[in-house]
There are 2 protein chains.
Amino acid sequence: MSGVLVSAGELEQFVIEVLTGAGVPGDDAATTARLLVAADARGVSTHGVIRLIPYHQRLVGGVVRPDPTLATIADSGGFVLLDGDDGLGQVSGTRAAALASDRARQQGIAAVGVRNSHHIGMLGLYVEQIARAGQIGVVMSNTAPLMAPTGSAERILGNNPLAIGVPRAAGGDPVVVDLALSPTSFGKVQEYARRGEPLPPGQVIDVDGNWITDAQVATKTGTMVPIAGHKGYGLALAVELLAGALTGSGTLDRVSSLFREPMLPMAAGHLTIVIDPDAATGDAAAFLAAVERVCEVILAAQPLPNVDGILLPGMPEQRSRERAEAVGILLAENVVAELTRFAETAGVALPSMEPA
Amino acid sequence: MSGVLVSAGELEQFVIEVLTGAGVPGDDAATTARLLVAADARGVSTHGVIRLIPYHQRLVGGVVRPDPTLATIADSGGFVLLDGDDGLGQVSGTRAAALASDRARQQGIAAVGVRNSHHIGMLGLYVEQIARAGQIGVVMSNTAPLMAPTGSAERILGNNPLAIGVPRAAGGDPVVVDLALSPTSFGKVQEYARRGEPLPPGQVIDVDGNWITDAQVATKTGTMVPIAGHKGYGLALAVELLAGALTGSGTLDRVSSLFREPMLPMAAGHLTIVIDPDAATGDAAAFLAAVERVCEVILAAQPLPNVDGILLPGMPEQRSRERAEAVGILLAENVVAELTRFAETAGVALPSMEPA
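Residues numbered from 1 in each chain as written. Chains lettered and ligands numbered in written order. Predicted model: local features only at pLDDT ≥ 70, side-chain atom pairs only at ≥ 80, totals over all residues. Heavy atoms only, no water.

### Comments concerning the overall build of chain A
Alright, step 1. Secondary structure summary: chain A contains 12 helices and 12 strands in total.
Alright, step 2. Here the C-alpha atoms of chain A give a radius of gyration of 20 Å, agreeing with the 21 Å that 2.2 N^0.38 yields for 356 residues.
Alright, step 3. In terms of principal-axis extent, the alpha carbons of chain A reach across some 55 × 50 × 45 Å.
Alright, step 4. Looking at the 356 residues of chain A, the share that counts as buried comes to 59%. (Helix = DSSP H or I, 4+ residues; strand = E, 2+ residues; numbered from the N terminus. Rg over C-alpha atoms; globule rule 2.2 N^0.38 Å. Buried < 20%, exposed > 50% of the residue type's maximum accessible area, 1.4 Å probe, protein only.)

### Describing the nonpolar core
Alright, step 1. By size, the foremost hydrophobic cluster in this structure holds 107 residues, and its most contacted members are F79(A), I275(A), I298(A), F79(B), I275(B) and I298(B).
Alright, step 2. What F79(A) contacts, discounting residues up to four positions off in sequence, is A74(A), A111(A), G113(A), L246(A), L271(A), Q107(B), G108(B), I109(B), I275(B) and A280(B).
Alright, step 3. With 38 residues, the next largest nonpolar core counts I16(A), V18(A), V37(A) and V91(A) among its residues. (Core = buried A, V, L, I, M, F, W, Y, C linked by side-chain atoms within 4.5 Å. Contact = heavy atoms within 4.5 Å.)

### Some remarks on the pairing of strand β10 (residues 268-275) of chain B
Residue and element names in this part refer to chain B.
Alright, step 1. Burial runs high along β10: eight of the eight residues are buried.
Alright, step 2. Where burial is concerned, the two faces of β10 agree: the one with A268, H270, T272 and V274 and the one with G269, L271, I273 and I275 are both buried.
Alright, step 3. Of the pairings in the sheet, the one linking strand β5 (residues 136-141) to β10 comprises six bridges and is antiparallel in character. Its bridge partner lying in β10, M140 is registered against L271. (Pairing = 2+ DSSP bridges.)

### Regarding the environment of V291(B)
Alright, step 1. Following the sequence through the fold, V291(B) ends up in helix α10 (residues 284-299).
Alright, step 2. A C-alpha to C-alpha distance of 8.0 Å links V291(B) and A169(B), two positions 122 residues apart in sequence.
Alright, step 3. Excluding anything up to four places from it in sequence, V291(B) contacts L241(A), A245(A), V166(B), P167(B) and R168(B).

### Quick word on the relation of the copies chain B and chain A
Alright, step 1. For the pair chain B and chain A, the relating rotation is 180°, the translation along its axis is 0.0 Å, and the fit reaches an RMSD of 0.0 Å. With respect to symmetry, the two chain copies, as superposed, fit the operation of a two-fold axis. No C-alpha of chain B approaches the rotation axis more nearly than that of A228(B), which lies at 2.9 Å.
Alright, step 2. Here 100% of the interface residues in chain B have copies in chain A that are interface residues too; the copies meet face to matching face. (Least-squares fit on C-alpha atoms with pLDDT ≥ 70 in both.)

### A few points about the packing of aromatic side chains
Alright, step 1. Counted under the stated rule, the structure contains zero aromatic pairs over all chains.
Alright, step 2. The ring of Y192(A) has R195(A) lying over it, and the distance from NZ or CZ to the ring centre is 5.5 Å. (Phe/Tyr/Trp six-rings, centres within 6.5 Å; stacked < 30°, edge-to-face > 60°. Lys NZ or Arg CZ within 6 Å of the ring centre and 35° of its normal.)

### Brief notes about the pattern of salt bridges
Residues and elements named next belong to chain A.
Alright, step 1. In this structure the tally under the stated criterion is 26 salt bridges over all chains.
Alright, step 2. Two residues, R132 and D173, come together in a salt bridge whose shortest N-O distance is 3.0 Å. Here R132, found in helix α5 (residues 123-132), pairs with D173, found in the loop between β6 (162-166) and β7 (175-179); they are 41 residues apart in sequence, far enough to count as distant.
Alright, step 3. The class for R132 is partly exposed, based on a relative accessible area of 40%.
Alright, step 4. Given a relative accessible area of 24%, D173 falls into the partly exposed group. (Salt bridge = Lys/Arg side-chain N within 4 Å of Asp/Glu carboxyl O.)

### Describing the interface of chain B and chain A
Alright, step 1. At the junction of the two partners, chain B supplies 76 residues and chain A supplies 76 residues.
Alright, step 2. Across the contact surface, chain B and chain A share two salt bridges.
Alright, step 3. Seen at the junction of chain B and chain A, the total is 24 residue pairs in polar contact (both at pLDDT 80 or more).
Alright, step 4. With 10 residues, the single largest contributor to the side of chain B that touches chain A is helix α8 (residues 230-245) of chain B.
Alright, step 5. Here the side of chain B that touches chain A is built from residues that sort into 53 nonpolar, 16 polar and seven charged. (Polar contact = N/O pair within 3.5 Å; in protein donor to acceptor, adjacent residues only side chain to side chain. Nonpolar A, V, L, I, M, F, W, Y, C, P; charged D, E, K, R; others polar.)

### Examining helix α3 (residues 52-60) of chain A
Residue pairs three or four apart in sequence face the same way in an α-helix, which turns once every 3.6 residues.
All names here are of chain A.
Alright, step 1. Within the span of α3, buried status applies to L52, P54, Y55, H56, R58 and L59.
Alright, step 2. Taken together, the buried residues of α3 touch α1 (8-21), α2 (26-41), α4 (89-107) and α12 (333-346).
Alright, step 3. Immediately downstream of α3, the backbone of G62 shows phi near 80°, a positive value.

### Section: the sheet that holds strand β11 (residues 329-332) of chain A
Residues and elements named next belong to chain A.
Alright, step 1. Pairing is antiparallel across the open sheet formed by three strands, whose spatial order is β11-β1-β12. Two strands close off the open sheet at either side, each with one partner strand: β11 and β12 (354-355).
Alright, step 2. In this sheet, β11 lies alongside strand β1 (residues 3-6) in antiparallel orientation, the contact comprising four bridges. In the strand pairing of β11, G3 is matched with A332.

### Focus on the sheet that holds strand β4 (residues 109-117) of chain B
Alright, step 1. Read across the open sheet, the seven strands follow the order β2-β3-β4-β10-β5-β6-β7 (chain B); overall the sheet is mixed. Only two strands of the sheet have a single neighbouring strand rather than two, namely β2 (71-75) and β7 (175-179) of chain B. On average, each strand axis in the sheet is inclined to that of its neighbour by 15°, with strand direction left out of account.
Alright, step 2. Along the sheet face, helix α8 (residues 230-245) of chain A touches β5, β6 (162-166), β7 and β10 of chain B and points at about 135° away from the line of β7(B). (Axes fitted to C-alpha atoms, helices over the stretch in contact; angles between N-to-C directions.)

### Describing the packing of α1(A) against α3(A)
All names here are of chain A.
Alright, step 1. Their axes nearest at 10 Å, the elements α1 and α3 cross at an angle of 15°. Of the possible angle classes, the one that applies to α1 and α3 is roughly parallel. For the crossing formed where α1 meets α3, the hand is right-handed. Contact residues: α1 offers F14, V15, V18 and L19, while α3 offers L52, H56 and L59. (Parallel < 35°, antiparallel > 145°, perpendicular 65-115°, else oblique. Left-handed = near helix turned anticlockwise from the far one by under 90°.)

### Structural notes on the pairing of β1(A)
The side chains of a regular strand alternate, residue by residue, between the two faces of the sheet.
Alright, step 1. The pairing of β1(A) with β12(A) spans two bridges and is antiparallel. By the bridge assignment for β12(A), V4(A) is matched with P355(A).

### Topic: the side chain of R293(B)
Alright, step 1. Examined against the element boundaries, R293(B) turns out to sit in helix α10.
Alright, step 2. Polar contacts involving the side chain of R293(B) include one to the main-chain carbonyl oxygen of T251(A), which spans 2.8 Å.
Alright, step 3. A polar side-chain atom of R293(B) sits 3.3 Å from a polar atom in the side chain of D253(A).
Alright, step 4. Among all residues touching R293(B), those that are not within four sequence positions of it are T251(A), L252(A), D253(A) and R254(A).

### Topic: the environment of A74(B)
Alright, step 1. Relative to the helices and strands, A74(B) is located in strand β2.
Alright, step 2. A relative accessible area of 11% places A74(B) in the buried class.
Alright, step 3. On a C-alpha basis, the gap between A74(B) and T46(B) in space is 34 Å, while along the polypeptide they are 28 residues apart.
Alright, step 4. Excluding residues within four positions of it along the chain, A74(B) makes contact with A280(A), T281(A), G282(A), F79(B), V80(B) and L81(B).

### Considerations on the side chain of S249(B)
Residue and element names in this part refer to chain B.
Alright, step 1. As for its position among the elements, S249 is in the loop between α8 and β10.
Alright, step 2. At 3.4 Å, the side chain of S249 forms a polar contact with the backbone nitrogen of N116.
Alright, step 3. Setting aside anything within four residues of it in sequence, one finds S249 in contact with V114, R115, N116, A243, G244, A267, A268 and G269.

The following block contains the structure:
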């Protein structure tokens with residue numbers, strides 16, 4: 001991929017300057033910057049620094065509150081419900097993970113729900129951090145409608161991402177499962193349209209339920225299907241009910257789109273569940289040994305012809321992170337172009353970049 | 001479907017007689033009978049009374065313990081770990097659901113893991129019962145290897161089912177999402193083989209990763225793929241680590257097959273998580289109202305041409321249950337033939353049946 005390389009620290013500093021300039025307190029800006037840059041480091045640019053642009057638009061438009069008060073709505077010991085107060089999702093998401101982690105250490109399992117939140121970014125980062133601390137993390141969020149329930153072509157359900165992180169022994173990179181319940185992201189459909197390439201079937205349908213292969217048409221009038229038919233529909237609905245209805249957040253059409261509806265509060269909800277293997281089983285070492293055996297058996301599986309080797313979920317992102325730590329964060333040319341325009345408008349200098 | 005109708009009560013009585021004859025205490029036999037017949041009532045015959053045959057084989061073979069002691073391995077308040085002692089999965093699964101439900105009422109969320117368990121049957125029944133009591137239930141189990149991790153054709157991972165139940169207001173049938181992480185069940189592939197029909201592509205691969213459409217070959221040498229490629233692989237691995245590794249149960253090849261390995265302890269694990277909406281949020285009524293709105297919006301979605309109407313997960317099974325309550329349990333002819341042979345061997349009389 002052609003693009004530029006930039007220092008992670010300098011890129012974080014850029015994000016912090018933009019956010020603090022919009023009234024976000026320094027600690028919250030640093031948390032958000034760390035998560036956005038960490039997504040770019042893992043090669044997940046759709047959840048990287050490029051997202052600063054709609055966040056900033058919403059902050060200056062008064063739709064995202066720069067300095068939210070995260071009130072506790074309910075606390076039953078194992079389950080805490082917070083109000084995100086329309087602040088940045090990274091702030092409430094990080095608070096939720098830390099709180100669930102603490103409570104799980106006491107009683108084996110705990111959960112924190114957040115209502116009235118915003119785009120939470122790359123879910124895998126939260127569960128990766130939980131898993132690096134030796135715990136199992138599950139995070140889910142509902143999103144603006146993109147998908148149809150099975151049997152319909154109406155955009156009714158979000159593609160409602162879900163991530164699960166499991167620790168590895170001896171500081172190994174965690175297993176991180178991180179997926180949206182659509183076959184691909186809306187951002188990737190937009191990429192096909194931008195490049196003028198046809199969209200593969202199996203992703204977006206028209207009003208009659210036929211596959212749309214014209215990516216331009218797909219972004220405008222198409223509806224995504226859930227993964228695996230009614231199975232993905234069921235999982236997406238479950239996330240809607242757990243992250244949205246249970247937390248008292250918006251659901252379905254009451255969750256607004258980061259891109260299409262910049263002037264509406266997002267009203268998304270998150271649910272974070274943490275299991276502490278030591279508290280839960282009394283023997284974290286035995287658990288970690290069992291995880292290692294599973295991972296070793298899978299990694300030793302015979303690859304198909306033309307497959308280099310078997311990967312565990314999260315490995316591609318960790319390899320990308322290692323490269324980024326060695327040489328810097330890789331940003332694609334279109335990302336740099338967008339950030340350059342944005343930086344000028346925001347009046348904040350972009351960090352120095354060198355060709356990749 | 002041609003078949004016979006039988007009274008649910010009489011069919012349960014038949015199961016109870018068989019199980020108590022093999023040394024299972026009356027209460028545990030009744031629990032197991034209720035769950036097997038409830039699966040048949042919901043039209044899920046692959047998890048119905050037909051499963052009594054391998055259960056009985058394993059009980060008389062000394063592989064399943066008829067009278068297990070469910071010892072508590074760890075109890076941290078929110079998380080309880082039980083040893084299933086190689087007893088029937090229905091017994092430990094029912095105990096786990098009741099215990100998680102009680103604990104969740106106190107602290108919002110709770111989980112019970114079971115190690116050394118057996119086939120747990122239709123997962124949706126456990127979460128349906130939890131949801132009928134007003135709580136959110138999640139149950140998962142690992143199974144004997146059937147599927148390949150992405151990039152391989154080796155049978156390494158189970159298809160590791162997962163169920164989520166969410167209560168509806170005013171005693172409505174719960175939303176029940178119940179799915180295995182393979183596109184279809186191994187039992188359905190066997191059905192194709194039995195009927196001499198070709199297997200649709202997208203389900204079972206050969207050693208080179210090509211789709212097998214000969215169902216006979218598929219059952220013998222094929223390997224199932226996970227749903228949705230690496231997404232299903234990730235979810236199946238997560239269930240393996242949560243239901244298997246976390247509970248200290250068998251994982252991967254150390255979980256034996258109900259059918260192919262009748263003389264090995266199954267060593268499967270389960271994890272049951274319950275969230276109590278009232279304790280978690282302090283406002284169960286608001287949660288139920290939010291669930292209702294989501295369900296209403298989805299049910300009102302415009303159906304595609306040739307689609308009768310949009311369904312919520314669990315609705316087909318509840319319609320089947322209503323029919324069964326009106327006219328009796330429908331058993332297919334091949335199920336009746338197998339049960340008839342089995343009943344003669346076991347020396348227990350089958351209930352009276354009438355043509356459907």
